[in-house]
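Overview (structure and organization)
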Amino acid sequence: MGGSQNEFKDQDDQIDCEHILSKGLKEYDIKLLRSMKGFGKTMILWLISKERSHGYELMSKMNDISPSTEETVRGPSKIYPVLHDLEEEGLIEGAWELHGKRKVKYYEVTDEGIQTLHRIKKVFRCHKTQILEEFWRDMFSQNKE
């Protein structure tokens, strides 16, 4: 079974961006990077890399970050297909546990999941531009307003 949050730290300051972009990405990495749906999947993978979780916990965390108080962003019909997809790709691994009379499936990140997060992080570091940095600061900085 896989990694932990400590394994996802910057491992190198020197990044070969040409290699990362031309040969360093796997097919699923590219799929995650190409779509906005990939952002949600990447967020879920990242959450699982922080601590093993079950579907309801992940759904709650995703709903907690939603700006909408009217409706949930991630219901069971949204979260479980993502978890199944990540599991099928070998990025997470699930194991059933008995809690009282209920079975709950807990997910942990695999080594491949950690490597996927690391590759995606490198892509974003390679594509760091002034406008992206300004966007992230403006949209997500807690120091404003």
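Residues numbered from 1 in each chain as written. Predicted model: local features only at pLDDT ≥ 70, side-chain atom pairs only at ≥ 80, totals over all residues. Heavy atoms only, no water.

In spatial order, the strands read β1-β3-β2; together these 3 strands make up an open sheet with antiparallel pairing. Single-partner strands in this sheet number two, and they are β1 (53-54) and β2 (92-99). Judged from the 8 bridges that link them, β2 and strand β3 (residues 102-109) form a sheet pairing that is antiparallel. Counterpart to tryptophan 96 in the pairing with β3 is lysine 105. (Pairing = 2+ DSSP bridges. Helix = DSSP H or I, 4+ residues; strand = E, 2+ residues; numbered from the N terminus.)

This paragraph deals with the side chain of histidine 54. In this structure, histidine 54 sits in strand β1. For histidine 54, a relative accessible area of 16% corresponds to the buried category. The contact partners of histidine 54, leaving out residues within four places of it in the chain, are Val104, Lys105, Tyr106 and Tyr107. (Buried < 20%, exposed > 50% of the residue type's maximum accessible area, 1.4 Å probe, protein only. Contact = heavy atoms within 4.5 Å.)

So, about the pattern of salt bridges. Scanning the model with the defined rule gives 6 salt bridges in all. Here glutamate 51 makes a salt bridge to lysine 61, at a shortest N to O gap of 3.0 Å. Placement of glutamate 51 in the loop between α3 (36-50) and β1 and of lysine 61 in helix α4 (residues 55-64) is noted, with a sequence separation of 10 residues between them. When the shortest N-O distance is used, the salt bridge between glutamate 112 and arginine 119 registers 2.8 Å. Take glutamate 112: its relative accessible area is 25%, and that puts it in the partly exposed class. Residues joined in a network through salt bridges with shared partners are Lys26, Glu112 and Arg119. (Salt bridge = Lys/Arg side-chain N within 4 Å of Asp/Glu carboxyl O.)

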